[in-house]
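Structure at a glance
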Amino acid sequence: MRALIDLNDAQVEALDSLAKRARQSRAALIRAALDDYLDRHHRGQVEDGFGLWGKRKVATGGSS
């Protein structure tokens, strides 16, 4: 899938500089940055869920 994003001049210059140093394409760097962002935010959601049930019992499918 392709996505169109708007970058300001400073972002493009920084991205080009990093791409040159890393010998990677802009697209590869953007994909890596997006993967990192998604990993960090998904991990936070999972960690937020720990302890929510506390000492509650989980229903086993029978009627209550």
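Above: the structure in question.
1. Let's talk about the overall build of the chain
Secondary structure assignment for the chain yields two helices and zero strands. Residues classed as buried in the chain amount to 5% of the 64 residues present. Total accessible area on the chain stands at roughly 6500 Å², and carbon and sulfur atoms take up 54% of it.

2. Some thoughts on helix H1 (residues 9–22)
For H1, which comprises 14 residues, the first-to-last C-alpha distance of 20 Å matches the rise-based estimate of 20 Å (1.5 Å per residue) to within 8%. You can read the cap of H1 off the contacts: a side-chain oxygen lies 3.1 Å from the backbone nitrogen of Ala-10, and it is on Asn-8. Looking one or two places after H1, you find Arg-23, whose phi comes out positive at around 55 degrees.

3. Considerations on the pattern of salt bridges
Throughout the structure, instances matching the rule amount to two salt bridges. As a salt-bridge pair, Arg-26 and Asp-16 come within 2.5 Å of each other at their nearest N and O atoms. Of the two residues, Arg-26 sits in helix H2 (residues 26–49) while Asp-16 sits in helix H1, which places them 10 residues apart along the sequence. Arg-26 gets classed as partly exposed once you look at its relative accessible area, which sits at 42%. We classify Asp-16 as partly exposed; its relative accessible area is 31%. Where Asp-36 meets Arg-40, a salt bridge forms, and the shortest distance between an N and an O atom there is 3.1 Å. With a gap of four residues between them, Asp-36 and Arg-40 both fall in helix H2, about one helical turn apart. You can call Asp-36 partly exposed: its relative accessible area is 40%.

Here is what the cut-offs are and how they apply
Residues numbered from 1 in each chain as written. Predicted model: local features only at pLDDT ≥ 70, side-chain atom pairs only at ≥ 80, totals over all residues. Heavy atoms only, no water. Helix = DSSP H or I, 4+ residues; strand = E, 2+ residues; numbered from the N terminus. Buried < 20%, exposed > 50% of the residue type's maximum accessible area, 1.4 Å probe, protein only. Areas by Shrake-Rupley, 256 points an atom, 1.4 Å probe, with all protein chains shown as cover. Expected span 1.5 Å × (residues − 1). Polar contact = N/O pair within 3.5 Å; in protein donor to acceptor, adjacent residues only side chain to side chain. Salt bridge = Lys/Arg side-chain N within 4 Å of Asp/Glu carboxyl O.

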